[in-house]
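Geometric and topological summary
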Amino acid sequence: MTDSDRHQPSDTMRERVSENARMLWLLLDADRWIIAGLFSATLFLFLLVAGIAHPTPPHTLLTRGDPAETLYQALITGTITGVTLVLTLSQLILSQELGAVGDQRERMEGAMEFREDVADSVGASVSPAEPSAFLRSLVRATKERAQSVEEAIDEDNGLDDDLLELLSAYLDSIVGNADEVTDQLEGGTFGAFDVVKAALNYNYSWKLYAGRRIQEEHAAELSEEALDKLDELIETLRLFGPAREHFKTLYFQWELSNLSRALLYIAVPALAVAIGSLILLDPRDFSGTTYGIANSLLLVAITTTISLFPFTVLLAYILRIVTITKRTLSIGPFILRETERSVDVNWD
């Protein structure tokens with residue numbers, strides 16, 4: 001066995017992604033309202049810089065013809081159309097929760113069956129009801145199963161050093177990653193991104209894949225007890241996948257509900273600013289300067305930024321949702337990240 005055989009991808013999402021820490025903070029960790037504010041500030045500054053840098057004075061640009069009037073008309077149309085479309089799509093997604101009593105009963109039975117499977121796997125009479133505690137119990141169970149495999153291996157003196165080293169690296173990875181994720185899930189509240197982030201930091205897909213490879217390729221070398229314990233570990237890892245996907249789906253629905261409510265709150269003020277600017281404001285009435293910047297340019301930059309605030313809020317929420325979706329496109333032992341495409345080669 002070469003050194004490449006011991007290679008495994010990093011456990012935490014931050015270590016697995018190609019983006020730097022600041023970009024990952026922007027995409028996932030930061031409060032969405034802060035990100036929307038940053039986008040709006042960037043837009044405002046861009047308008048000011050572009051107006052100041054233009055060879056024609058800003059006041060001349062804004063009073064020659066009717067560019068401001070055309071802009072406000074477009075903003076009103078875009079805001080109404082965009083907010084209506086987003087709310088319609090959000091309601092369409094949320095409508096999946098609606099259904100006949102038979103469908104709801106079938107969903108209930110499926111959920112109860114899964115909870116019973118998890119309870120059996122974690123050795124509890126009833127599986128936890130709170131999402132963070134539910135995931136924490138599963139992650140802790142994988143750690144306990146890994147320790148059981150390690151104990152069974154310690155009792156087997158017939159294993160060669162290479163296989164022992166491979167098993168030790170695999171089991172240590174599970175135990176270490178489980179400890180880290182368990183701490184992250186402690187006290188987590190559903191609806192906050194922290195619970196989903198902790199679940200993303202548990203690299204179960206690789207652990208499931210590696211466990212099955214060990215199970216298939218080294219079955220003849222392992223004792224019956226070690227194989228049984230390894231099988232229990234793999235079964236517990238199998239349960240983590242659908243549990244994570246279920247809570248991820250619930251989180252998306254939660255976020256879409258928050259987004260819909262936020263758009264309803266800010267769409268009316270944004271429309272009021274755009275409509276008021278179209279009817280009441282004329283750049284020709286603001287001929288002075290403030291700190292060397294044309295008042296007409298300041299007026300247009302401020303009103304445009306406020307009118308586009310629904311769009312920046314939408315962008316901030318969607319950035320997180322699509323980033324999580326990209327990181328969790330597959331379920332089970334499928335590894336899509338480019339940095340891990342050599343994994344199969346390393347095992348052969």
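Above: the structure in question.
Read on for a plain summary of the structure. Computed from a predicted model, the values in this text were never measured in an experiment.

Some points on the packing of helix H7 (residues 131-154) against helix H11 (residues 224-280)
It is the contact of H7 with H11, at a shortest axis distance of 9 Å, that shows an interaxial angle of 165 degrees. Relative to H11, the element H7 is oriented roughly antiparallel. When you trace H7 past H11, the crossing you get is left-handed. Here the residues of the contact of H7 with H11 sort into 18 nonpolar, 3 polar and 5 charged.

Some details on empty space enclosed by the protein
Under the definition given, this model contains 2 cavities of 30 Å³ or more. In this structure, the second largest cavity encloses a volume near 50 Å³. In terms of lining, the second largest cavity is formed by Leu135, Val195, Val196, Ala199, Leu200, Arg244, Phe247, Lys248 and Thr328. Broken down by secondary-structure element, the contributors of at least two residues to the lining of the second largest cavity are helix H9 (193-200) and H11. Of the residues forming the lining of the second largest cavity, the biggest block, 4 residues, is contributed by H9. Residue composition of the lining of the second largest cavity, by class: 6 nonpolar, 1 polar and 2 charged.

Examining the pattern of salt bridges
Counted by the stated rule, this structure contains 9 salt bridges. Ionic pairing is found between Glu245 and Lys248, a salt bridge with its closest N-O pair at 2.9 Å. Separated by 3 residues within a single helix, Glu245 and Lys248 lie in helix H11, roughly one turn from each other. Lys248 gets classed as buried once you look at its relative accessible area, which sits at 10%. As a salt-bridge pair, Arg320 and Glu255 come within 3.6 Å of each other at their nearest N and O atoms. Of the two residues, Arg320 is situated in helix H13 (residues 309-327) and Glu255 in helix H11; the sequence distance between them amounts to 65 residues. Of the residues examined, Arg320 reaches a relative accessible area of 7% and is grouped as buried. Connected through salt bridges with shared partners, the residues Arg244, Glu245 and Lys248 form a single ionic network.

Regarding a negative patch on the surface
A surface patch of negative charge is lined by Glu151, Asp154, Glu155, Glu224, Glu225, Asp228, Asp231 and Glu232. Going through the elements one at a time, H7 and H11 are the ones with two or more residues in the negative patch. Per element, the largest residue contribution to the negative patch is 5 residues, and it comes from H11. The topology assignment puts Glu155 in the loop between H7 and helix H8 (161-185).

A look at the nonpolar core
Formed by 42 residues in total, the largest nonpolar core has its most connected members in Leu135, Leu138, Tyr170, Tyr202, Leu222, Leu230 and Phe240. A per-element tally of this core places H8 first, with 10 residues. Core analysis: the second largest hydrophobic core is formed by 23 residues, Leu27, Ala30, Val86 and Leu263 among them.

Thoughts on the packing of H11 against helix H12 (residues 295-307)
Packing of H11 against H12 leaves a shortest axis separation of 8 Å and a crossing angle of 145 degrees. H11 and H12 meet at a crossing whose hand is left-handed. Side by side, H11 and H12 meet where Ala270, Val273, Ala274 and Ser277 of the first sit next to Thr303, Ile306 and Ser307 of the second. A per-class count over the contact of H11 with H12 returns 4 nonpolar, 3 polar and no charged.

Overview of the packing of aromatic side chains
In this description, a pair of aromatic rings is defined by centroid distance and the angle of the planes. In this structure the tally under the stated criterion is 8 aromatic pairs. With a centroid separation of 6.4 Å and 50 degrees between ring planes, the pair formed by Tyr251 and Phe252 is classed as tilted. Residue class for Tyr251 comes out buried when judged on its relative accessible area of 0%. In this structure an aromatic cluster arises from ring pairing among Phe114, Phe134 and Phe247. Across the ring face of Tyr202, the terminal group of Lys207 is positioned such that the distance to the ring centre comes to 5.2 Å. Over the ring of Phe193 we find Arg320; its NZ or CZ atom is 4.7 Å from the centre of that ring.

So, the environment of Ile275
Mapped onto the elements, Ile275 comes out in helix H11. By relative accessible area, Ile275 is classed as partly exposed at 37%. Spatially, the C-alpha atom of Ile275 lies 6.9 Å from that of Ile76, the residues being 199 residues apart in sequence.

Focus: unusual backbone geometry
For residues other than glycine, phi is negative in most cases, and the peptide bonds are mostly trans. One non-glycine residue, Tyr291, adopts positive backbone phi at about 55 degrees. Inspection of the secondary structure assignment puts Tyr291 in the loop between strand S1 (289-290) and strand S2 (293-294). By relative accessible area, which is 83% here, Tyr291 ends up exposed.

Conventions we followed
Residues numbered from 1 in each chain as written. Predicted model: local features only at pLDDT ≥ 70, side-chain atom pairs only at ≥ 80, totals over all residues. Heavy atoms only, no water. Axes fitted to C-alpha atoms, helices over the stretch in contact; angles between N-to-C directions. Helix = DSSP H or I, 4+ residues; strand = E, 2+ residues; numbered from the N terminus. Parallel < 35°, antiparallel > 145°, perpendicular 65-115°, else oblique. Left-handed = near helix turned anticlockwise from the far one by under 90°. Nonpolar A, V, L, I, M, F, W, Y, C, P; charged D, E, K, R; others polar. 1 Å grid on protein atoms, 1.4 Å probe; cavity = no way out; pocket = protein on both sides within 12 Å on 5 of 7 lines; lining within 4 Å. Points joined across faces, edges and corners; volume = space filled by probe spheres on them. Salt bridge = Lys/Arg side-chain N within 4 Å of Asp/Glu carboxyl O. Buried < 20%, exposed > 50% of the residue type's maximum accessible area, 1.4 Å probe, protein only. Patch = residues over 30% accessible without salt bridge, like charges linked within 9 Å, V, L, I, M, F, W, Y side chains within 5 Å. Areas by Shrake-Rupley, 256 points an atom, 1.4 Å probe, with all protein chains shown as cover. Lys, Arg positive; Asp, Glu negative; His and termini not counted. Charge placed at Lys NZ, Arg CZ, Asp CG, Glu CD. Core = buried A, V, L, I, M, F, W, Y, C linked by side-chain atoms within 4.5 Å. Contact = heavy atoms within 4.5 Å. Phe/Tyr/Trp six-rings, centres within 6.5 Å; stacked < 30°, edge-to-face > 60°. Lys NZ or Arg CZ within 6 Å of the ring centre and 35° of its normal.

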